[in-house]
Amino acid sequence: MNNASWLKLGQDVIMKNVGRLPVVFSGASGSKLWDADGKEYIDFLTGISVHNFGHCHPDITAAITKQAEKIVHVSNYFYMEEQIELARELAKLTGLKNVFFANSGAEANEAAVKLARKYGKVKLGGKYEIVTAAKSFHGRTYGALSATGQPKYQESFQPIVPGFKYAEYNNLDAWKEAIGENTCAIMLELVQGEGGVNPAKPEFIAGLVEICQEKNLLFIVDEIQTGLGRTGRYFAYEHFGFKPDVVTLAKMLGGGIPCGALLVNEKANVFAPGDHSTTVGGGALAFAAGLAGLKLLQQPGVLEEVRRKGQYIMDTWESWKKEIPVIAGYRGLGLMLALELTVPSKPVMLSCLEAGLVVNAVTDTAIRILPAFNITIEELNEGLAIMKEVLKEY
Ligand SMILES: Cc1ncc(COP(=O)(O)O)c(C=O)c1O
């Protein structure tokens, strides 16, 4: 079957809960994708920061394959070796102490919300409010959705979970106002992903750290998109020189096999048996893929390469400015980048796709890219050349 017939079938049977683009992918390797017609695409999106070492990386594929023959799942009544090993690696990288594994980012954040409420109950005399950022994105389950400071995601699903306040990102005064006598925690991304790739300002984060210390609040950082190298550090909080109490992870964590994680320090370690759980919670395939991914991430020079390639892309965009008047600016950290346009981004994304480049229209006027850390310079240049040719037409 070709792309068009697969597409027709897909549009019939797949729920229209997402605005999917008209491509059916059937193969992938590294930073290349192939659709059902065999057309080749350069991938600048990595499944939204999931395949950070490219599609079907041989080490990750081998880890999953080997694990599938060893053990896949027991139940949450027991431990598994790979689960313990991955938790140890994450604890080592973050300096945080304990890990809960979930199946997705939303579930990791759902667990973080419950943890914050329990922390408020047992350590702060019943405080329960969580302050999050306007334009944030924390996922689609009810707790994570309620933490998400974007009305467009919440409107059709009211009433949402009570006990959340939203404050303007990078506006410390707004947070000082929102943090009240019932606040037990704050939760935010350090570079907002779905909100448009908006990096936090260091003085804003320093101010929040101070408030959390003063009031003994939990500082929860959602590193689901920024974590595990994406910003050119293992975790985005390293750019800001502080250590959160709670970190959530997902996306790259399971190398494409669903997996999320909640990491806590001693102060935040308040869950007791029975408080929270899930049957699979990632599972051994995800843990094995995660261990292989962390090994790749910790190879010498990887983080430098992320920073170098990110700078290279921004320098390239800068050099286009004179020639391409629709470029309004660019922003980001490491290989988490957005190009701001003076024209709508969706037609640009569709033209790129048509020309063989996968990018994302993250806001009405911004194109987001999240390339693989190991994308070759040839692939990067090929993708940038497609983008340039497309933008020249606008
Ligand atoms: C910062 C952030 N948090 C949470 C999520 C939700 O993760 P998932 O889609 O795995 O549920 C996302 C997904 O894009 C995200 O970017």
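Definitions and limits used
Residues numbered from 1 in each chain as written. Predicted model: local features only at pLDDT ≥ 70, side-chain atom pairs only at ≥ 80, totals over all residues. Heavy atoms only, no water. Salt bridge = Lys/Arg side-chain N within 4 Å of Asp/Glu carboxyl O. Helix = DSSP H or I, 4+ residues; strand = E, 2+ residues; numbered from the N terminus. Buried < 20%, exposed > 50% of the residue type's maximum accessible area, 1.4 Å probe, protein only. Core = buried A, V, L, I, M, F, W, Y, C linked by side-chain atoms within 4.5 Å. Domains from an automatic or database assignment. Contact = heavy atoms within 4.5 Å. Near = heavy atom within 4 Å. Polar contact = N/O pair within 3.5 Å; in protein donor to acceptor, adjacent residues only side chain to side chain. Areas by Shrake-Rupley, 256 points an atom, 1.4 Å probe, with all protein chains shown as cover. Pairing = 2+ DSSP bridges. Axes fitted to C-alpha atoms, helices over the stretch in contact; angles between N-to-C directions. Phe/Tyr/Trp six-rings, centres within 6.5 Å; stacked < 30°, edge-to-face > 60°.

Draft legend 1. Molecular detail of the pattern of salt bridges. If you walk through the whole model with that rule in mind, you get 13 salt bridges. Here E89 makes a salt bridge to K92, at a shortest N to O gap of 3.3 Å. Placement of both E89 and K92 in helix α4 (residues 81–94) is noted, with a separation of three residues, approximately one turn of the helix. The class for E89 is partly exposed, based on a relative accessible area of 22%. According to the relative accessible area criterion, K92 is exposed, its value standing at 56%. Where K165 meets E129, a salt bridge forms, and the shortest distance between an N and an O atom there is 3.7 Å. Within this pair, whereas K165 is found in strand β6 (residues 164–167), its partner E129 is found in strand β5 (residues 129–133), the two being separated by 36 residues in sequence. Here E129 falls in the buried class, since its relative accessible area comes to 13%. When salt bridges with common partners are traced through the structure, they connect K70, E81 and E82 into a single cluster.

Draft legend 2. Fine view of the nonpolar core. L90, I186, I205, L297 and M387 are the most contacted members of the largest nonpolar core, which totals 109 residues. Here this core takes ten residues from helix α10 (residues 283–297), the largest share from any one element. Looking at which domains feed residues into this core, each of domain 1 (3–57 + 302–392) and domain 2 (60–297) supplies at least three. In this structure, V23, M336, L353 and V358 belong to the second largest nonpolar core, which totals eleven residues.

Draft legend 3. How the structure looks around the domain arrangement of the protein chain. Domain boundaries assigned for the protein chain yield domain 1 (3–57 + 302–392) and domain 2 (60–297). Relative to domain 2, the C-alpha centre of domain 1 lies at a distance of 26 Å. At the junction of the two partners, domain 1 supplies 27 residues and domain 2 supplies 28 residues. For the pair domain 1 and domain 2, the interface holds one salt bridge.

Draft legend 4. Region of the structure containing the site of the ligand. Residues in close proximity to the ligand total 13 residues, the closest being G105, A106, D222, Q225 and K251. G105 places a main-chain nitrogen or oxygen 2.8 Å from an oxygen atom of the ligand. Protein contact buries 82% of the 390 Å² of open area that the ligand shows by itself. Sort the elements by how many residues they give to the shell around the ligand and helix α5 (residues 105–123) lands first, with three residues.

Draft legend 5. Summary view of the sheet that holds strand β14 (residues 336–341). Across the sheet, which stays open at both edges, the four strands sit in the order β13-β14-β17-β16 with antiparallel pairing between neighbours. In the strand order of this sheet, the two ends are held by β13 (327–333) and β16 (360–363), each with one partner. This sheet shows a mean twist of 30° between the axes of neighbouring strands, independent of strand direction. Pairing between β16 and strand β17 (residues 366–369): three bridges, direction antiparallel. For T363, the partnering residue across the bridge sits in β17 and is A366. Across the sheet, helix α12 (residues 345–354) lies against β14, β16 and β17, angled at about 165° from β16, the strand it touches most.

Draft legend 6. Inspection of the sheet that holds strand β15 (residues 357–358) at higher detail. One open sheet holds the four strands; their spatial order is β1-β2-β3-β15, and the pairing between them is mixed. The open sheet has two edge strands with one neighbour each: β1 (25–29) and β15. Where strand β2 (residues 32–35) and strand β3 (residues 40–43) come together, three bridges link them in antiparallel fashion. Paired with W34 across the bridge in β3 is E40.

Draft legend 7. A look at the packing of aromatic side chains. Following the criterion strictly, the structure yields ten aromatic pairs and no others. Pairing W317 with Y330 gives two aromatic rings, centres 6.4 Å apart and planes at 50°, and the pair type is tilted. Of the two residues, W317 is situated in helix α11 (residues 302–320) and Y330 in strand β13; the sequence distance between them amounts to 13 residues. Given a relative accessible area of 27%, Y330 falls into the partly exposed group.

Draft legend 8. Summary view of the environment of L341. Residue placement: L341 occurs in strand β14. Residue L341 is classed as buried on the basis of its relative accessible area, which comes to 3%. Sequence-distant contacts of L341, that is, excluding residues within four places in its chain, are made with V326, I327, A328, V348, T365, I367 and L391.

Draft legend 9. Up close: unusual backbone geometry. Of the consecutive residues Q158 and P159, the connecting peptide bond is found in the cis state with omega at 0°. Here P159 shows up in the loop between α7 (151–154) and β6. For N170, which is not a glycine, the phi torsion comes out positive at approximately 65°. Along the chain, N170 turns up in the loop between β6 and α8 (172–178). One non-glycine residue, K251, lies in positive phi territory at about 45°. For K251, a relative accessible area of 23% puts it in the partly exposed group.

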